[in-house]
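Per-entry structural report
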Amino acid sequence: MDMKWTDTLDIAIELAEAHPEIDPRTIRFTDLHGWVMELPDFDDDPNHSGEKILEAIQMAWIDEVN
């Protein structure tokens, strides 16, 4: 299944597994964007993300690791 920017929970789970050493509360959105783009199941336009989507992914990631 290909993930899109709107699949915030699925993305957060994948990021938590791919980057267990990262505290999602301290990430920069530029890094977050790049890591999402590198996920093997992610397939969406890089330009379709914005601050609200990245913030939603970050919050889901925080919830996932807490």
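Please read all numbers here as calculations on a predicted model, not as lab measurements.

Things to note about the packing of helix H1 (residues 8-18) against helix H3 (residues 51-65)
The description of two helices packed together rests on the angle between their axes and the distance between the axes. Two elements in contact, H1 and H3, have axes whose closest approach is 8 Å; the angle formed by their N-to-C orientations is 55°. It follows from the interaxial angle that H1 and H3 lie oblique. Note that H1 runs across H3; the crossing there is right-handed. Touching Thr-8, Leu-9, Ile-11, Ala-12, Ile-13, Leu-15 and Ala-16 of H1 are Ile-53, Ala-56, Ile-57, Ala-60, Trp-61, Glu-64 and Val-65, all from H3. Its residues assigned to classes, the contact of H1 with H3 shows 12 nonpolar, 1 polar and 1 charged.

Focus on the packing of aromatic side chains
Summed over the entire model, instances satisfying the criterion amount to 2 aromatic pairs. Plain terms: the ring middles of Trp-5 and Phe-42 are 4.8 Å apart, the flat faces sit at 70° to each other, and that makes the pair edge-to-face. You can see Trp-5 sitting in the segment before H1 and its partner Phe-42 sitting in the loop between helix H2 (29-38) and H3, a full 37 residues away along the chain. A relative accessible area of 1% places Trp-5 in the buried class. Judged by centre distance (6.2 Å) and plane angle (75°), the rings of Trp-35 and Trp-61 are edge-to-face. With a gap of 26 residues between them, Trp-35 in helix H2 and Trp-61 in helix H3 connect regions that are remote in the sequence. When its relative accessible area of 0% is taken as the criterion, Trp-61 is described as buried.

Rules used in this analysis
Residues numbered from 1 in each chain as written. Predicted model: local features only at pLDDT ≥ 70, side-chain atom pairs only at ≥ 80, totals over all residues. Heavy atoms only, no water. Axes fitted to C-alpha atoms, helices over the stretch in contact; angles between N-to-C directions. Helix = DSSP H or I, 4+ residues; strand = E, 2+ residues; numbered from the N terminus. Parallel < 35°, antiparallel > 145°, perpendicular 65-115°, else oblique. Left-handed = near helix turned anticlockwise from the far one by under 90°. Contact = heavy atoms within 4.5 Å. Nonpolar A, V, L, I, M, F, W, Y, C, P; charged D, E, K, R; others polar. Phe/Tyr/Trp six-rings, centres within 6.5 Å; stacked < 30°, edge-to-face > 60°. Buried < 20%, exposed > 50% of the residue type's maximum accessible area, 1.4 Å probe, protein only.

This is a description of form; function is not addressed.
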